[in-house]
Amino acid sequence: MPVAMPPDRFDELVGDALDLVPEELAAAMDNVVVLVEPRHPEEPELLGLYEGVALTERTADYAGELPDRITVYRDAVLEMCADEDEVVDEVAITVVHEIAHHFGIPEDRLHELGWG
């Protein structure tokens, strides 16, 4: 049974997770937006997704692009957690995980570091 949580509370948790990002890393984030959506339409169990060009892959030609997107999927997170404390933890892990992709850290390395 999914954790019952109003959408605005979940949005607040995503904001809290973003506040945990060290200031120097937050300042280095460039042209990226963080969104919350109910569920990924093709992969309903996906918790989060980074879409864009990682900072490590941007070249001098990178200009005028739409912002990269980090999306956290509320319903998938709520469905996998047993209580609000788990939701808080999972939101933080998901946000850090997707921000790491923005910085060019690949999936396998994130798993090695315990952020998988």
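The text that follows walks through the structure, step by step, so that each part is easy to find.

Scoring rules and cut-offs
- Residues numbered from 1 in each chain as written.
- Predicted model: local features only at pLDDT ≥ 70, side-chain atom pairs only at ≥ 80, totals over all residues.
- Heavy atoms only, no water.
- Buried < 20%, exposed > 50% of the residue type's maximum accessible area, 1.4 Å probe, protein only.
- Helix = DSSP H or I, 4+ residues; strand = E, 2+ residues; numbered from the N terminus.
- Pairing = 2+ DSSP bridges.
- 1 Å grid on protein atoms, 1.4 Å probe; cavity = no way out; pocket = protein on both sides within 12 Å on 5 of 7 lines; lining within 4 Å.
- Points joined across faces, edges and corners; volume = space filled by probe spheres on them.
- Nonpolar A, V, L, I, M, F, W, Y, C, P; charged D, E, K, R; others polar.
- Expected span 1.5 Å × (residues − 1).
- Contact = heavy atoms within 4.5 Å.
- Polar contact = N/O pair within 3.5 Å; in protein donor to acceptor, adjacent residues only side chain to side chain.

Brief notes about the pairing of strand S3 (residues 68-73)
Across the six residues of S3, five count as buried, placing the element largely inside the fold. Taken together, the six bridges between strand S1 (residues 32-37) and S3 define a ladder with parallel strand orientation. Bridged to valine 33 within S3 is arginine 69.

Observations concerning the layout of surface pockets
Considering only enclosed or pocket space, the largest pocket measures out at about 170 Å³ in volume. The element contributing the most residues to the lining of the largest pocket is helix H4 (residues 84-102), with three residues. When grouped by side-chain class, the residues that make up the lining of the largest pocket number 12 nonpolar, no polar and no charged.

What to know about H4
Helix length check: H4, at 19 residues, gives a terminal C-alpha distance of 27 Å against a target of 27 Å (1.5 Å per residue), a fit within 8%. Here H4 has its buried residues at Val87, Glu90, Val91, Ala92, Thr94, Val95, His97, Glu98, Ile99, Ala100, His101 and His102. Buried-residue contacts for H4 involve helix H1 (7-19), S1, strand S2 (48-51), S3, helix H3 (74-80) and helix H5 (107-112). One side-chain oxygen of the residue at the start of H4 lies 3.2 Å from the amide nitrogen of aspartate 85, identifying that residue as aspartate 83. Trailing H4 by a residue or two, glycine 104 shows a phi angle of about 90°, which is positive.

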